[in-house]
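Descriptive analysis of the structure
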Amino acid sequence: MDSELVYKGVTSNDKKADWRLSPVLADIRSIAALFVNVKFYCVKRKANMVADWVATRSRMGMSFVDLS
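Residues numbered from 1 in each chain as written. Predicted model: local features only at pLDDT ≥ 70, side-chain atom pairs only at ≥ 80, totals over all residues. Heavy atoms only, no water.

What follows concerns the overall build of the protein. Of regular secondary structure, the protein possesses three helices and zero strands. When its helices and strands are written in sequence order, the protein yields α-α-α. Within the protein, the proportion of its 68 residues that are buried is 9%. A fraction of 44% describes how many contacts in the protein between residues 6 or more apart in sequence connect residues 24 or more apart. As presented, the protein carries roughly 6,000 Å² of accessible surface, and 60% of it is formed by carbon and sulfur atoms. (Helix = DSSP H or I, 4+ residues; strand = E, 2+ residues; numbered from the N terminus. Buried < 20%, exposed > 50% of the residue type's maximum accessible area, 1.4 Å probe, protein only. Contact = heavy atoms within 4.5 Å. Areas by Shrake-Rupley, 256 points an atom, 1.4 Å probe, with all protein chains shown as cover.)

A separate point is a nonpolar patch on the surface. The grouping of I31, L34, F35 and V38 at the surface amounts to a nonpolar patch, some 420 Å² of accessible area in total. Looking at the element boundaries, L34 is found in the loop between helix 2 (22-32) and helix 3 (49-59). (Patch = residues over 30% accessible without salt bridge, like charges linked within 9 Å, V, L, I, M, F, W, Y side chains within 5 Å. Salt bridge = Lys/Arg side-chain N within 4 Å of Asp/Glu carboxyl O.)

This part is about the pattern of salt bridges. Applying the stated criterion across every chain, the model contains one salt bridge. In this structure, K8 and E4 form a salt bridge, with 3.3 Å as the shortest nitrogen-oxygen distance. With a gap of four residues between them, K8 and E4 both fall in helix 1 (residues 4-11), about one helical turn apart. Using a relative accessible area of 47% as the deciding quantity, one classes K8 as partly exposed.

Confidence along the protein averages 80 in pLDDT terms, with 85% of residues attaining 70 or more. Confidence, read as mean pLDDT per element, is least for helix 3 in the protein (79) and greatest for helix 2 (90). (pLDDT = per-residue confidence, 0-100.)

The next subject is the packing of helix 1 against helix 2. It is the contact of helix 1 with helix 2, at a shortest axis distance of 10 Å, that shows an interaxial angle of 55°. In this view, helix 1 runs oblique relative to helix 2, as classed from their interaxial angle. As helix 1 runs across helix 2, the sense of the crossing is right-handed. Residue-level inspection shows V6, G9 and V10 of helix 1 in contact with helix 2, the latter providing L25, I28 and R29. Here the contact of helix 1 with helix 2 is built from residues that sort into four nonpolar, one polar and one charged. (Axes fitted to C-alpha atoms, helices over the stretch in contact; angles between N-to-C directions. Parallel < 35°, antiparallel > 145°, perpendicular 65-115°, else oblique. Left-handed = near helix turned anticlockwise from the far one by under 90°. Nonpolar A, V, L, I, M, F, W, Y, C, P; charged D, E, K, R; others polar.)

Structure follows, in structure tokens:
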């Protein structure tokens with residue numbers, strides 16, 4: 001993930017996270033609970049340009065499925 005606020009909200013036990021993030025943090029925690037081992041890392045956007053490109057294109061409704 002490249003959002004430091006989300007990263008801190010997920011990895012800390014601090015209950016004072018931004019209230020707007022509460023639904024996202026709850027979703028992440030519930031999905032993470034399904035796994036035996038989970039590690040979270042904060043990777044700056046510049047170092048993760050491919051994932052950022054895919055996320056940006058998917059928000060624009062582009063499909064990455066090759067149907068040929």
